[in-house]
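Coordinates in review
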Amino acid sequence: MSSSASSSPSPISSETTISKEIDPNNVSLAENFLKSFTFPDSSLDDFASFDSFSVLFQNSIRALSVARGRITCSVVVTPGLTNYFNGLHGGAVASISERLSMACARTFVSEEKQLFLGELSMSYLSAAPVTSELVVEGSVVRSGRNLTVVNVEFKMKDTMKVTYLARATFYQSIISKL
């Protein structure tokens, strides 16, 4: 998997398992989604850009596998991602869920269609403490002509205990070409 010409390392490493069934263009789309919030760029220096929150994730998330309709990542809970009680902050859980869901949906939905997040449902079952590692699995539940539904599970790496659940619904529309 080749990465872009930037100096940032790719979120999809040589250790990442990529299914042979998936189109390499879809792997590239997933990589670009992950890279857009995993690695910083100079426009984020003052935290004034549109995606400045992403700087917090730059060293905490990496892709483990990418297949059609399924992406698995590893997330390390760093102090910058925790709440007052030193557990993974709910906003971080929602942000990771939204980005991973979008990347999963893109393995099904062509670039000709624009995706809109219509619903994001979260279940916070138990806290993931600081320094713990989570396995985050996103999978497409259904993808049709007008909508795509993605399920995301956060599990503790050592016990595989489910800590957070998310379900995202994306609506699709064709991008107008004027």
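Residues numbered from 1 in each chain as written. Predicted model: local features only at pLDDT ≥ 70, side-chain atom pairs only at ≥ 80, totals over all residues. Heavy atoms only, no water.

Applicable threshold: UniProt positions are given in the numbering used here, feature names are shortened, and annotations may be inferred rather than shown by experiment.
Looking up the chain in an unreviewed UniProt entry gives the name Thioesterase domain-containing protein, with the organism given as Brassica campestris. UniProt annotates the chain under Sequence similarities (unreviewed entry) with the comment "Belongs to the thioesterase PaaI family."

1. Comments concerning the overall build of the chain
Filter applied, for reference: Put simply, DSSP marks the helices as runs of H or I at least four residues long and the strands as runs of E at least two long, and each gets a number from the N terminus on. Under the scheme applied here, a residue whose accessible area is under 20% of the maximum for its type counts as buried, over 50% as exposed, and between as partly exposed, the area being computed with a 1.4 Å probe on protein chains only. Working definition of accessibility: Shrake-Rupley area with a 1.4 Å probe, residue cover restricted to the visible protein chains.
Helices and strands together make up the secondary structure of the chain, namely two helices and seven strands. Each helix and strand of the chain, ordered N terminal to C terminal, gives the series β-α-β-β-α-β-β-β-β. Across the 178 residues in the chain, those meeting the buried criterion constitute 43%. Only carbon and sulfur atoms are counted for the fraction: they give 52% of the accessible area of the chain, which is about 9600 Å².

2. What to know about unusual backbone geometry
One non-glycine residue, asparagine 86, adopts positive backbone phi at about 60°. Note that asparagine 86 resides in the loop between strand E3 (70-76) and helix H2 (90-106).

3. What to know about the side chain of serine 132
This is how the line gets drawn: Counting of polar contacts relies on pairs of N or O atoms within 3.5 Å, with two restrictions inside protein: one atom must be capable of donating a hydrogen and the other of accepting it, and residues adjacent in sequence are counted only when both atoms are side-chain atoms. Note on definitions: a residue-residue contact is assigned when non-hydrogen atoms from the two residues lie within 4.5 Å.
Considering the arrangement of structural elements, one finds serine 132 in the loop between strand E4 (113-124) and strand E5 (133-143). Given a relative accessible area of 10%, serine 132 falls into the buried group. Within the local environment of serine 132, its side chain forms a polar contact with the backbone oxygen of proline 129, the two atoms lying 2.5 Å apart. Sequence-distant contacts of serine 132, defined by excluding residues within four places in its chain, comprise Val75, Val76, Val77 and Met156.

4. A closer look at H2
Spelled out, the test is: Take the number of residues in a helix, subtract one, and multiply by 1.5 Å to get its expected span.
In this model H2 runs 24 Å from its N-terminal to its C-terminal C-alpha over 17 residues, within 8% of the 24 Å that 1.5 Å per residue would give. The buried fraction of H2 amounts to 14 of the 17 residues, a majority that puts the element mostly inside the structure.

5. Comments concerning the environment of alanine 166
Within the secondary structure layout, alanine 166 lies in strand E7 (residues 162-174). With a relative accessible area of 3%, alanine 166 lands in the buried category. Sequence separation between alanine 166 and tyrosine 124 is 42 residues; the distance between their C-alpha atoms is 8.8 Å. When residues no more than four places from it in sequence are discounted, the contact partners of alanine 166 are Ser97, Leu120, Ser121, Met122, Val150, Asn151 and Val152.

6. What about the nonpolar core?
Side chains of nonpolar character tend, in soluble globular proteins, to be buried together. The criterion, for reference: We define the nonpolar core as a collection of buried residues of types Ala, Val, Leu, Ile, Met, Phe, Trp, Tyr and Cys that are connected through side-chain atoms lying within 4.5 Å of one another.
If you look at the biggest cluster of nonpolar residues, it comprises 34 residues, and the most contacted ones within it are Ile71, Leu88, Leu134, Val136 and Phe154. When residues of this core are traced back to their parent elements, those giving at least two are helix H1 (24-38), strand E2 (61-67), E3, H2, E5, strand E6 (147-156) and E7. The element best represented in this core is H2, accounting for eight residues. Sequence-distant contacts of isoleucine 71, that is, excluding residues within four places in its chain, are made with Ala30, Ser65, Val66, Leu100, Ala103, Cys104, Thr107, Val136, Glu137 and Gly138.

7. Topic: the pairing of E2
Heads up, the rule is: Pairs of strands are assigned from DSSP output, requiring at least two bridges between the strands.
Two strands pair when backbone bridges link them, and strand E1 (residues 17-18) and E2 are joined in this way by two bridges, in the parallel orientation. Across the sheet, residue threonine 17 finds its bridge partner in E2, namely serine 65. Relative to E3, E2 is paired through six bridges, and the arrangement is antiparallel. Bridge assignment links arginine 62 to a residue of E3, and that residue is serine 74. Counting the residues between successive antiparallel strands, the hairpin from E2 to E3 contains two residues, one of them, glycine 69, with a positive phi of roughly 80°.

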